[in-house]
Amino acid sequence: MRVLGWIFVMLLLAGAAAGSYWAKLQYDAHMAAFTNYQNEAQSRSSELARVNAELAQDKQARAETEKLAEAVKADLHATTAELAELRQQRAETERRLAAFRQVTARLQKMIDTGKLNVLIRNGRMIVKLPAEVLFPSGKAELAPAGEAALAEVATVLKEFTDRKWMIAGHTDNLPVNESGYKNNRDLSMARAYTVTEFLVKSGMKPATLVSAGYAEFDPVASNASPAGRRENRRIEIVLLPNIEELPRLLDKASAVVSASAPTAPPPK
């Protein structure tokens, strides 16, 4: 009996040892599976982070592409508008050049005899008449030769019924002395007005004419020499822009004012 007891105990101990070994194997297997799961989870987490980073890069690239597309679209719109404006400016320039050629051709005889000159200065067509041809020295009453010259000019200019003209009087810088005028500005204004009135009497429409006196303040030559002063004493008949040219100028001016205007502070 005693021997059987010991055998029973030994069997129990062996079973316990076998059970412990089997439990350890199961534990090790579970730990290995858990470690594999952790490694796989970490790997998938890294993959997810990589995919999210790629998505963020794609989103940023798409935003930059859309921004670039908007900029290109805006540039294209601006370029189209600028091209249309350039075409309009070219058409206006061609019309002015056509008028210049027509006036020059019609007044060529007077140009050849030195009674006047037709030129373009600062983008504007100008019919320039020396004061000596039109007026006695220091006077604003037309000389007979001046009336004859202006009559020929009016015959040509009144054909341009859709254009406006500015009659500008200019003098040299010498004092007017005993001319009866207070200063050169008064003399230049009086001469411009006299020419304007004569052109109206010669058939030009009053609404197409405006007069101005510049005195000595818009010289085309030096007043240091007699020849230069002679060049500065003149009447200029200036072709003015058409009224349809003004909206573009006003739009540009409005844009400049808007860009330079201070922003109003937010309400408190």
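Criteria and cut-off values
Residues numbered from 1 in each chain as written. Predicted model: local features only at pLDDT ≥ 70, side-chain atom pairs only at ≥ 80, totals over all residues. Heavy atoms only, no water. Pairing = 2+ DSSP bridges. Helix = DSSP H or I, 4+ residues; strand = E, 2+ residues; numbered from the N terminus. Axes fitted to C-alpha atoms, helices over the stretch in contact; angles between N-to-C directions. Core = buried A, V, L, I, M, F, W, Y, C linked by side-chain atoms within 4.5 Å. Buried < 20%, exposed > 50% of the residue type's maximum accessible area, 1.4 Å probe, protein only. Contact = heavy atoms within 4.5 Å.

A. Summary view of the sheet that holds strand S2 (residues 124–130). Across the sheet, 5 strands lie side by side as S1-S2-S5-S3-S4; this open sheet has mixed pairing. Each edge of the sheet is formed by a strand with only one pairing partner; in this case those strands are strand S1 (117–121) and strand S4 (209–215). Within this sheet the neighbouring strands show an average axis-to-axis angle of 25°, counted without direction. Pairing between strand S3 (residues 165–170) and S4: 6 bridges, direction parallel.

B. Representation of the environment of Leu97 within the structure. Structurally, Leu97 can be placed in helix H1 (residues 2–106). A sequence separation of 28 residues divides Leu97 from Met125, and the C-alpha atoms of the two residues are 8.3 Å apart.

C. A look at the nonpolar core. Among the nonpolar cores identified, the biggest contains 32 residues, and Val103, Leu116, Val127, Leu134, Trp165, Leu199 and Ile237 are the most heavily contacted of them. Looking at this core, the elements with two or more residues in it are H1, helix H2 (108–112), S2, helix H3 (131–134), helix H4 (144–157), S3, helix H5 (184–201) and strand S5 (234–239). The element contributing the most residues to this core is H4, with 6 residues. The residues touching Val103, leaving out its near neighbours within four places in the chain, are Val118, Met125, Val127, Val156, Leu157 and Phe160. Listed in part, the 6 residues of the second largest apolar core include Ala168, Ala212, Val238 and Leu240.

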